Amino acid sequence: MKKRILAIIICVITLVGWYITVFGIGSMDSVKDKLKLGLDIEGGVYVVMEAQTNEKGDELKTTMEQTQAVIENRVNQMGLSEANVTIEGDKRIRVELPGVEDTDEAIEQIGRTAQLTFLLSDGTEVLTGTDVKNASINKDSDNGGYLIELDFSNQGAKKFEKGTITASSRTVTPTMSYEDGTKMDPSSIVIMLDKDVVSAPTCDKPISGTSCVITRPGGFEKEEATNLAALIRGGALPTPLQEIESSVQSASIGYDAFDKSIVAGAIGLALVFILMLLMYNVLGLVADIALMLYVILVIWIMVGMGSVLTLPGIAGIILSIGMAVDANVIIFSRIKEEIAAGRTVRVAVSSGFKRALTTVLDAQITTLIAAVVLYEIGTATVKGFAMTLMIGIIVSIFTAVVVSNLFTSLIADSKKFGKYKYFGCNEDGTPKQFINKEFKFIEKRKIFYSISAVVVIIGLVFALFKGFNSGIDFTGGTMLQIDTHKQVAIEEVEKALDKYDLDATIVYGGNDNDQIIIKTTKALDNAARMEVVGSLDSFGVTDDDLLAANEFGPSVGKELKQNAVKALLIAALGMLIYIIFRFKSWKYGVASVGGVLHDVLILLACYAIFGITVNNPFIAGILTVVGYSINDTIVIFDRVRENKANNRSKEPNDILMNRSVNQTLNRSIMTSLTTLIVMIPLCFMVSTAISEFIIPLMIGVIAGTYSSIFICTPVVYEFFKGEDVSAYEKKQLAQGKKSKKVAR
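In short, a report on the structure. As the structure is a computational prediction, the values presented were derived from the model and not from experiment. (Residues numbered from 1 in each chain as written. Predicted model: local features only at pLDDT ≥ 70, side-chain atom pairs only at ≥ 80, totals over all residues. Heavy atoms only, no water.)

## Looking at the overall build of the protein
Step number 1: Summing up its helical and strand segments, the protein has 22 helices and 19 strands in all.
Step number 2: Across the 744 residues in the protein, those meeting the buried criterion constitute 53%. (Helix = DSSP H or I, 4+ residues; strand = E, 2+ residues; numbered from the N terminus. Buried < 20%, exposed > 50% of the residue type's maximum accessible area, 1.4 Å probe, protein only.)

Shown next as structure tokens:
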């Protein structure tokens, strides 16, 4: 009775949860209104700046924390409440400004990264921004408009007084000039940020005390005074910063991709529901209920954690749906095997769950290791993908082990539904399978080794002679996506850009070729990007037509490559240690990591052969492939381990391992199908930002399934092959080797 009540509660929670998620209820908004959306959806600006310092260790950490605080203060003074300033890596600051409309203004403001200084008109330093405690605005009753009030530290007040004594004496010989070339007044106190003059007020007498005001005839406009005060109040940065990466994203592109992702995800989810019902009957319905609960749990956990949803994050959710199904498939496949072994439905459900639990945990934990490494090493975009993947893995364990277990045991106890046909089996207890034939995988292992070797060698040849199609985030460079509102001739655009010597690749974008995408290996800062956009005014293009812009410095690509190798090595080592610990044998661990290396090489080969762009999402793709490949391998190895433990008749390893692979073959196919099904709509219906994540994942799913069946298990067989030799045969072999040595 308690189980039934709990099952009803779960169903109600699931239905109500979905209704609230989609439509909202009362004062509770729908999840679409609750979720924080990333820049690639909501639109906005981000800039990554690198500290130009040789400091290391604690000194560097302190400097970066101080720099972060200064930039946060500057950004906050701009009135951007949703801005996010974070330290990325050791020496970088990432500034995200979601929803910013005037992107040019925003980048110009946060791009002012050098130190703030107060100078005499001959360039002599008076004080720096660290000596300024505060800068605010007030109404100027004498001149009208507004004035700026400055407050100095005690040390700053002394420096400022000394400077104003010199300036007011008018004995300074000006060497500094205004933009028009006019020399500055000898009594000027020049306020500079970077190489730009922020203001150059004059003083006619020494100014003492810890405060002063900046005025001008007619007063400052409020906006001008506010911006000037914000720049001064931002203070001096502890170290100069250099812009190495930036992006401008139009909300129109992001929201369009977001809406399409939701539709694609819904289609993929519906296809998985149907497939589970066809293959597992009532058990498929259980999986669908667990999956519906899984989706809303993942989404609401993200809302509760304040996670930012990005387009790659959506890909992570969709992929984790496939992996959540996998946990159910493992359990249901085991139940079907128990029924096929002659057990009653109730006994089959109980023993099936117990036997499958270890496999589920091992498979998901190894994938979790890859996700954690991805989160720790990846950039902000990749972190969003990794976070949703981690949440999904943890929730999938709960829904499979708790929810699916509850509903399945209830059905097994039912007189009406506790029958073989409702558990994916025929009336005689034989399981419904994709494939019923037994294959001899071990005997054909050399053929499979050869196939993999040929693909890898072809990929190597392409990589050596043709090279990889590296994206601008690996090579460094700039991408601009511009709305031209109509199709324009590429040749005409090239002519308009000739004077910039960009050596750019220009292609069409948009559904009606009403956009152009410009890619160049030159890293253009914001000013240069806006100049390029301005040169297209003859096509009716304005600054507002810049839909997206990405700029990557050359150091970014170098670090991405290093991080890719580092992430792969750390993930492989973590998995190796875990597998050796769980399986109590190095043989399973080495074979698993060998399969991972195989899949990475196959993925690289496909990228080289087909010229697919290698970029930042590629790293996420590789690590996810690593996790997925290990997941499938662990399921097969778990069965090998179990069969070896139960091998009382001392069957040879080739027979035992063939049986293990055949027993899990339908599960491997089913898992691959469900994972591919949810990814295919995303790949074809959404933007390139999603497909760049999905393509390596799809290749990886296929390669991972192949390696688990055709490579990893045969490699384990090679390691265990000596066990098939009897003690007598070993003795004879030893004597034979000894005789050969004597003969020599």
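Having seen the structure, we can now continue with the description.
## Side note on the sheet that holds strand β17 (residues 515-520)
Step number 1: Spatial ordering of the open sheet is given by β3-β4-β2-β12-β18-β15-β17-β16, a layout of eight strands whose pairing is antiparallel. Edge positions in the sheet fall to β3 (84-88) and β16 (505-509), since each has one partner strand and no second. Averaged over all pairs of adjacent strands, the angle between strand axes in this sheet comes to 15 degrees, irrespective of strand direction.
Step number 2: Seen against the sheet, helix α15 (residues 490-497) touches β16 and β17 and runs at an angle of roughly 135 degrees to β16. (Pairing = 2+ DSSP bridges. Axes fitted to C-alpha atoms, helices over the stretch in contact; angles between N-to-C directions. Contact = heavy atoms within 4.5 Å.)

## A look at the nonpolar core
Across soluble globular proteins, you tend to see nonpolar side chains buried next to one another.
Step number 1: With 132 residues, the main nonpolar core has M276, L291, F332, I335, F423 and M679 as its most contacted residues.
Step number 2: The greatest single-element share of this core, amounting to 16 residues, is contributed by helix α12 (residues 380-413).
Step number 3: Residues within four places of M679 in sequence aside, it is in contact with I318, L319, I694, L697, M698 and V701.
Step number 4: Listed in part, the 35 residues of the second largest apolar core include V85, V493, Y500 and V532. (Core = buried A, V, L, I, M, F, W, Y, C linked by side-chain atoms within 4.5 Å.)

## Brief notes about helix α6 (residues 154-168)
Step number 1: Taking 1.5 Å per residue as the helical rise, α6 with its 15 residues ought to reach 21 Å, and the 21 Å between its terminal C-alpha atoms agrees with that figure.
Step number 2: Inspection of α6 places G156, A157, F160, G163, T164, A167 and S168 among the buried residues, and these make up the whole buried set. Buried residues of α6, seen end-on, are gathered within an arc of 130 degrees and therefore sit on one face of the element. Exposed side chains of α6 directed beyond 90 degrees from the buried face belong to N154, K158 and K162.
Step number 3: Positive backbone phi, at 60 degrees, marks R170, one or two positions downstream of α6. (Expected span 1.5 Å × (residues − 1). Arc of directions from axis to C-beta.)

## A closer look at the pattern of salt bridges
Step number 1: Under the definition given, this model contains 20 salt bridges.
Step number 2: A salt bridge links R667 to D326; the shortest N-O distance between them is 2.5 Å. With R667 in helix α20 (residues 653-685) and D326 in helix α10 (residues 311-340), the pair connects residues that are 341 residues apart, well separated along the chain. Like R667, the residue D326 is buried in the burial classification.
Step number 3: Through salt bridges with shared partners, a single network forms among R334, E337, E338, R343, R355, R639 and E642. (Salt bridge = Lys/Arg side-chain N within 4 Å of Asp/Glu carboxyl O.)

## Digging into the packing of aromatic side chains
Step number 1: Applying the stated rule across the entire model yields 12 aromatic pairs.
Step number 2: Arranged with centres 5.1 Å apart and planes meeting at 45 degrees, the rings of Y19 and F23 form a pair that is tilted. One end of the pair, Y19, and the other, F23, are both in helix α1 (residues 2-23), four residues apart, so they sit about a helical turn from each other.
Step number 3: Residue classification places F23 among the exposed residues on the basis of a relative accessible area of 60%.
Step number 4: Ring geometry for F448 versus F710: centroids 4.4 Å apart, planes at 55 degrees, classification tilted. In this pair, F448 is assigned in helix α13 (residues 445-465) and F710 in helix α21 (residues 688-720), connecting sequence segments 262 residues apart. Across the pair, exposure class does not vary: F448 and F710 are buried alike.
Step number 5: Of note, K584 hangs over the ring of F581, and the distance from its end group to the ring centre comes to 4.8 Å. (Phe/Tyr/Trp six-rings, centres within 6.5 Å; stacked < 30°, edge-to-face > 60°. Lys NZ or Arg CZ within 6 Å of the ring centre and 35° of its normal.)

## Some words on the side chain of T359
Step number 1: When you line up the elements, T359 lands in helix α11 (residues 345-377).
Step number 2: Of the residues examined, T359 reaches a relative accessible area of 4% and is grouped as buried.

## Observations regarding helix α18 (residues 586-610)
Step number 1: Helix length check: α18, at 25 residues, gives a terminal C-alpha distance of 36 Å against a target of 36 Å (1.5 Å per residue), a fit within 8%.
Step number 2: Where α18 starts, the residue carrying a side-chain oxygen 3.2 Å from the main-chain nitrogen of K587 turns out to be S585.
Step number 3: Two residues or fewer after α18 comes G611, characterised by a positive phi angle close to 65 degrees. (Polar contact = N/O pair within 3.5 Å; in protein donor to acceptor, adjacent residues only side chain to side chain.)

## A word on the sheet that holds strand β7 (residues 132-139)
Within a sheet, adjacent strands bond to each other through the backbone by hydrogen bonds, running parallel or antiparallel.
Step number 1: Here we have three strands laid out as an open sheet, ordered β7-β8-β11, and antiparallel in their pairing. Pairing within the sheet leaves two strands with one partner each, and these edge strands are β7 and β11 (211-214). Adjacent strand axes in the sheet meet at a mean angle of 25 degrees, parallel and antiparallel pairs treated alike.
Step number 2: Here β7 pairs with strand β8 (residues 146-152) via seven bridges, running antiparallel. Across the sheet, residue N134 finds its bridge partner in β8, namely D151.

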